[in-house]
Amino acid sequence: MITTALSEAFGQYTLKPHQIVPLDFHSVDTLPETHVWPPPPGPELVNTAAGDGQLVFPVPVIDFSVPEDSSGKLMVEACETWGVFQLVNHGIPLEILAAVEAQTKRLFALPASRKLEALRSPNGVNGYGQARFASLFDKNMWNEGFTVMGSPADHARKLWPDDYQGFCDVIEDYQKRMRELAARLLGLILRSANTPAQEIRRISSPSATMTTLQLNSYPPCPDPTRAMGMAPHTDTSFLTLLYQGGVKGLQIFSDRGGGGGGGGWGMVDPVDGGITVNVGDLLHVVSNARFHTARHRVVLREARQRVSVGLFFVPTADCVLSPLACGGGGGEGEVCRYRAVSVKEYIGLKYKGFETVLSAITK
Ligand SMILES: C=C1C[C@]23C[C@H]1CC[C@H]2[C@@]12CCC[C@@](C)(C(=O)O1)[C@H]2[C@@H]3C(=O)O
Ligand SMILES: O=C(O)CCC(=O)C(=O)O
Ligand SMILES: [Fe+2]
């Protein structure tokens, strides 16, 4: 199956249980030393989690109910500058967003012992646990997650042996709708960037793409400015469609922000009922670096729990990607920034070097 190959790609490195099992957040009332993050050096000093963090970036809010010619242009501009935009009037009913949020909260409210029944396996992708990239850091993040690649049924059954159908129905419906939306957005963005139709079909057709859903919870934290909700990263996707659930916390790094030159972190405050869309590494690669892969993190700003739901729209593991503008994509005269790479190889490189993956495929 398609999903098997991709989960094998992510499972290339076997994790140790302590890299998977999250803290039992209900059980602590002070921040454990294991979860204290030092303020990072360099440009990240601007607006660190411990700093004011009040800067809000004016990333575009794009209305998807206007004709596609104009929304497509705005999306291309947003992908070139911030690598992020928020989408409203996207056609996903608000009740469905609310239902997914409710199921997410229901899951993370379970006792730790129950959640551990659905723990992700050491080389698997599906199930409950810390974010996969947690193994790359000495310190733990203040979050817990649940990943769904394919069907959620096996893991949901372990969480609610007699009552898992409601969860599965909501999640599967959401996955299906969001997949359709992601495919439309990717097609529109590539078309608006003048990508030849046959190239768009080749990389984004239903048989060449799949989705992964990531439910995240950031529990209330006793010492929020010294903790890290989610560490800085870029996503391994074409596009990620993120529902932020109305609670602030997502920041992006931009060389347009932060005063003092060198860039800085700023909030992407969720608009009501909106979906935050960001460019992932793989769209950055096929766009020959024209689109910006947005580096982002989550800081703990509010006293209440925050949940978010990310839909990663990704090519299948055996897809070979290269910049379309110079790799037979019809564009002319552009210098090719990246070599061809299969998705599987890219994932292997990313989870070895993380920050260095793009330079590893730079020509
Ligand atoms: C399809 C994906 C994309 C994954 C891995 C797999 C399932 C879960 C995604 C995340 C979600 C949390 C941040 C991240 C960095 C992580 O650790 O897990 C993401 C990662 C990636 O973007 O590489
Ligand atoms: O919670 C958020 O706002 C961001 C989550 C995220 O970056 C991810 O799941 O990859
Ligand atoms: Fe992310």
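Please refer to the structure placed before this passage.
From a predicted model like this one, the values you see are computed outputs, not experimental measurements.

S.K.: Describe the coordination of the iron ion (ligand 3), with residues and values.
M.R.: Summarising the metal site, the iron ion (ligand 3) is bound by the protein donors H233 (NE2), D235 (OD) and H296 (NE2), whose distances to it range over 2.1 to 2.3 Å. Within one chain, the residues donating to the iron ion (ligand 3) are spaced in sequence as H-x1-D-x60-H. You can see D235 sitting in the loop between β6 (230-233) and β7 (239-243) and its partner H296 sitting in strand β11 (residues 296-298), a full 61 residues away along the chain.

S.K.: Mind laying out the side chain of T212, listing which residues take part and the relevant values?
M.R.: Tracing the sequence through the fold places T212 in strand β5 (residues 209-218). Judged by its relative accessible area of 10%, T212 falls in the buried class. Once residues lying within four places of it in the same chain are set aside, the contact partners of T212 are T147, V148, M149, G310, L311 and F312.

S.K.: Can you lay out the sheet that holds strand β8 (residues 250-254) for me, pointing to particular residues and giving the numbers?
M.R.: The strand order β6-β11-β8-β9 describes an open sheet built from four strands, whose pairing is antiparallel. The sheet is open, and its two edges are formed by β6 and β9 (264-267), each paired on a single side. Averaged over neighbouring strand pairs, the angle between their axes works out to 25 degrees when direction is ignored. As paired elements, β8 and β11 share three bridges and run antiparallel to each other. Following the sheet pairing, Q251 is matched in β11 by R297.

S.K.: Now, about the layout of surface pockets: what can you tell me, with residues and values included?
M.R.: Taken as a whole, the largest pocket holds about 310 Å³ of empty space. Taken together, 15 residues line the largest pocket, and the ones lying closest to its centre are T234, T293, R295, E355 and L358. Within the residue set of the lining of the largest pocket, elements represented by two or more residues are β8, α10 (343-353) and α11 (357-360). Of the residues assigned to the lining of the largest pocket, the class counts are five nonpolar, five polar and five charged.

Rules and cut-offs
- Residues numbered from 1 in each chain as written.
- Chains lettered and ligands numbered in written order.
- Predicted model: local features only at pLDDT ≥ 70, side-chain atom pairs only at ≥ 80, totals over all residues.
- Heavy atoms only, no water.
- Donors = N, O, S within 2.8 Å, 3.2 Å for Na, K, Ca; no water.
- Helix = DSSP H or I, 4+ residues; strand = E, 2+ residues; numbered from the N terminus.
- Buried < 20%, exposed > 50% of the residue type's maximum accessible area, 1.4 Å probe, protein only.
- Contact = heavy atoms within 4.5 Å.
- Pairing = 2+ DSSP bridges.
- Axes fitted to C-alpha atoms, helices over the stretch in contact; angles between N-to-C directions.
- 1 Å grid on protein atoms, 1.4 Å probe; cavity = no way out; pocket = protein on both sides within 12 Å on 5 of 7 lines; lining within 4 Å.
- Points joined across faces, edges and corners; volume = space filled by probe spheres on them.
- Nonpolar A, V, L, I, M, F, W, Y, C, P; charged D, E, K, R; others polar.

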